[in-house]
Amino acid sequence: MGTQRVFAYGLLVAKPALVIAVTYCVLSNLNFQASFDRSLSLYRAAEMGLVSKDFASRHRTDLVLFKHVGPDVFEYRVRRPLLGYAGMPWLVVHRTAADLIALCSAPGTTGCTLKAD
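Residue numbering note: each chain is counted from 1, following its sequence as written. For a predicted model such as this one, the threshold for reporting local features is a pLDDT of at least 70, and the threshold for listing and counting side-chain atom pairs is 80 or more; totals across whole chains, interfaces and linings nevertheless cover every residue. Excluded from the side-chain calculation are hydrogens and water; included are all heavy atoms of the structure.

Caption draft 1: Structural context of the overall build of the protein. Strands are runs of DSSP state E lasting at least 2 residues, helices are runs of H or I lasting at least 4, and numbering of each runs from the N terminus. The secondary structure content of the protein amounts to four helices and five strands. When its helices and strands are written in sequence order, the protein yields α-β-α-α-β-β-β-α-β. Using C-alpha atoms as the atom set, the radius of gyration is obtained and then compared with a globule rule of 2.2 Å times the number of residues to the power 0.38. For 117 residues, the compact-globule estimate of 2.2 N^0.38 gives 13 Å, and the C-alpha radius of gyration of the protein, at 19 Å, exceeds that figure by more than 25%. Along the first, second and third principal axes, the C-alpha set of the protein runs to 70 × 30 × 25 Å. With a 1.4 Å probe rolled over the protein chains alone, any residue whose accessible area is under 20% of its type maximum counts as buried; one over 50% counts as exposed, and the rest are partly exposed. Here the protein holds 117 residues, and 33% of them are scored as buried. Residue pairs in contact within the protein that sit at least 24 positions apart in sequence constitute 53% of those at least 6 positions apart. Charge convention: Lys and Arg are scored as positive, Asp and Glu as negative, and His as well as the terminal groups of each chain are ignored. Charge placement uses NZ in Lys and CZ in Arg. For Asp and Glu, CG and CD serve respectively. In the protein, which carries 13 positive and 8 negative side-chain charges, the distance between the mean positions of the two groups comes to 11 Å. In what follows, a contact means two residues having at least one pair of non-hydrogen atoms within 4.5 Å.

In structure tokens:
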């Protein structure tokens, strides 16, 4: 009887936590996709050192989305399976001081697009 109570209590706690986590992932994913400034192809992100060349070669069709979040700070997100672009620090969300807009605006640069494109 005691283990059933513990199991029931565990489910009582786990269900709302799971619902909150899934809701957070969905909403942060949608929010970032609606508000990003520019995107990079993964091969271009690999050239800039944002992702590994191995990861870029395995995910050729994915994009890295980024936006300007501070005076010298850009936040970029790499799409992950099941999570998409959700705001999971250290897994999906990364920050850099490199001026990604200037790097994308350089003459002859390919693989970078504005959101409006």
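That covers the picture; the talk isn't over yet.
Caption draft 2: How the structure looks around the packing of aromatic side chains. Planes of paired rings set the category: under 30 degrees apart is stacked, over 60 is edge-to-face and the rest tilted, where pairs are Phe, Tyr or Trp rings (Trp by its six-membered ring) whose centres lie within 6.5 Å. Under the defined criterion, the tally for this structure stands at one aromatic pair. Between Phe-66 and Phe-74 the ring centres are 6.1 Å apart and the planes differ by 75 degrees, which places this aromatic pair in the edge-to-face class. For the pair shown, Phe-66 and Phe-74 are each scored as buried.

No statement about biological role is implied by the geometric values presented.
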